[in-house]
Amino acid sequence: IMDYEEGEPLSAILREGETLAEDQVRGLLEDLLPALQAVHEQGYLHRDIKPSNLYVRAHDHRVMLIDFGAARAAISRHSQSVSSLVTPGYSPPEQYSTRNDRYGPWTDIYALGAVLYRCIAGQTPVEAAERLLDDTLKPAVAIGAGRYSTNLLRVIDRALAVRPEQRFRDVTEMQAGLSGVQDEESDETVIMAPLSKSTKPPTLDLAPLRTALEGA
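Parameters and conventions
- Residues numbered from 1 in each chain as written.
- Predicted model: local features only at pLDDT ≥ 70, side-chain atom pairs only at ≥ 80, totals over all residues.
- Heavy atoms only, no water.
- Helix = DSSP H or I, 4+ residues; strand = E, 2+ residues; numbered from the N terminus.
- Polar contact = N/O pair within 3.5 Å; in protein donor to acceptor, adjacent residues only side chain to side chain.
- Axes fitted to C-alpha atoms, helices over the stretch in contact; angles between N-to-C directions.
- Parallel < 35°, antiparallel > 145°, perpendicular 65-115°, else oblique.
- Contact = heavy atoms within 4.5 Å.
- Nonpolar A, V, L, I, M, F, W, Y, C, P; charged D, E, K, R; others polar.
- 1 Å grid on protein atoms, 1.4 Å probe; cavity = no way out; pocket = protein on both sides within 12 Å on 5 of 7 lines; lining within 4 Å.
- Points joined across faces, edges and corners; volume = space filled by probe spheres on them.
- Buried < 20%, exposed > 50% of the residue type's maximum accessible area, 1.4 Å probe, protein only.
- Pairing = 2+ DSSP bridges.
- Core = buried A, V, L, I, M, F, W, Y, C linked by side-chain atoms within 4.5 Å.

### Some thoughts on the environment of Asp60
Item 1. On the secondary structure map, Asp60 appears in the loop between β2 (54–57) and β3 (63–65).
Item 2. With 53 residues separating them along the chain, Asp60 and Gly7 place their C-alpha atoms 9.5 Å apart.
Item 3. Only 3.4 Å separates the side chain of Asp60 from the side chain of His59, close enough to count as a polar contact.

### A short note on the packing of helix α6 (residues 150–159) against helix α7 (residues 171–178)
Item 1. In contact at an axis separation of 9 Å, α6 and α7 are set at 155° when each is read in the N-to-C sense. Accordingly, the angle class assigned to the pair α6 and α7 is roughly antiparallel. Facing Asn151, Leu152, Val155, Arg158 and Ala159 of α6, the residues of α7 in contact are Glu173, Met174, Gly177 and Leu178.
Item 2. Each residue belonging to the contact of α6 with α7 can be placed in one class, and the counts come to five nonpolar, two polar and two charged.

### Some words on the layout of surface pockets
Item 1. Space inside the second largest pocket adds up to approximately 280 Å³.
Item 2. Elements supplying a minimum of two residues to the lining of the second largest pocket: α1 (10–13), α2 (22–41) and β2.
Item 3. Considered class by class, the residues forming the lining of the second largest pocket number seven nonpolar, three polar and six charged.

### Focus on unusual backbone geometry
Item 1. Phi is positive for Arg47, close to 70°, though the residue is something other than glycine.
Item 2. Within the secondary structure layout, Arg47 lies in the loop between α2 and β2.

### Some thoughts on the pairing of β2
Item 1. By the alternation rule, side chains of β2 split into Leu54 and Val56 and Tyr55 and Arg57, which are all buried.
Item 2. Strand direction decides the pairing type here: strand β1 (residues 7–9) and β2, joined by three bridges, are antiparallel. For Glu8, the partnering residue across the bridge sits in β2 and is Val56.
Item 3. Hairpin connection between β2 and β3: a loop of five residues separates the two successive antiparallel strands, and His61 in this loop has a positive phi of roughly 60°.

### Examining the nonpolar core
Item 1. Among the nonpolar cores identified, the biggest contains 41 residues, and Leu10, Val25, Leu29, Cys119, Ile120, Ile156 and Met174 are the most heavily contacted of them.
Item 2. When residues of this core are assigned to their parent elements, the largest contribution, eleven residues, is made by helix α3 (residues 105–121).
Item 3. Apart from residues no more than four positions distant in its own chain, Cys119 is found in contact with Leu10, Leu14, Thr19, Leu20, Val25, Leu28 and Tyr148.

### Quick look at the environment of Val171
Item 1. With respect to the helices and strands, Val171 occurs in helix α7.
Item 2. Separated by 139 residues in the primary sequence, Val171 and Leu32 have C-alpha atoms spaced 9.9 Å apart.
Item 3. Once you skip the residues sitting within four places of it in the chain, Val171 turns out to touch Leu33, Leu36, Gln37, His40 and Ile109.

### Quick notes on the sheet that holds β1
Item 1. Taken in spatial order, the three strands line up as β1-β2-β3 in an open sheet, and their pairing is antiparallel. Among the strands making up the open sheet, the edge pair consists of β1 and β3. Here the average twist between neighbouring strands, direction ignored, is 30°.
Item 2. Examined bridge by bridge, β2 and β3 share three bridges and lie antiparallel to one another. Each bridged residue has a counterpart across the sheet, and for Val56 the counterpart in β3 is Val63.
Item 3. α2 rests against β2 and β3 of the sheet, and its axis sits at about 25° to β3.

Coordinates in, geometry out; function isn't part of it.
As structure tokens, this is what we get:
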């Protein structure tokens, strides 16, 4: 049971195409990443990260991750399948499947990347199922150029990679990406990723899902 907190969901703040400034986006991440890491360390996934499940407290503007209804059914150590839960624009391709071995921290990281994209672009990303067929998603580095740091935009794009193995493996790796070292003579960001003990994202064969979508 959670204590009642005055505030509103991020979805209310972002209504009608509103965006956040970079310091607000990074503040959101400072609150969410440790919370998400704690969830993952307990062996769970949230599976439903989206603006309506991020609650901004009124008195200090801190962001809280809420609604763990999907997380309770996310992973079973004794089952090879999970219930399928999809939020268009925020769920990654593997979430359209019920196979347990395809899920991992990278699943929540995609959804968080989608939230960040919504914060800087003013619109929800293209649905993952559509991106499998024809990826028309305009990269964050293009849509946010001149308004946000290259470092932040590249982190968003990596988190939103269609293929799990191209995303950050876990929260620790994403945090390292956000604190990337800037080359003084260029705008290239060197990602200083520490060694991680986390499970490596599987290299998924997305062809069967793509074929099913084309035939739908």
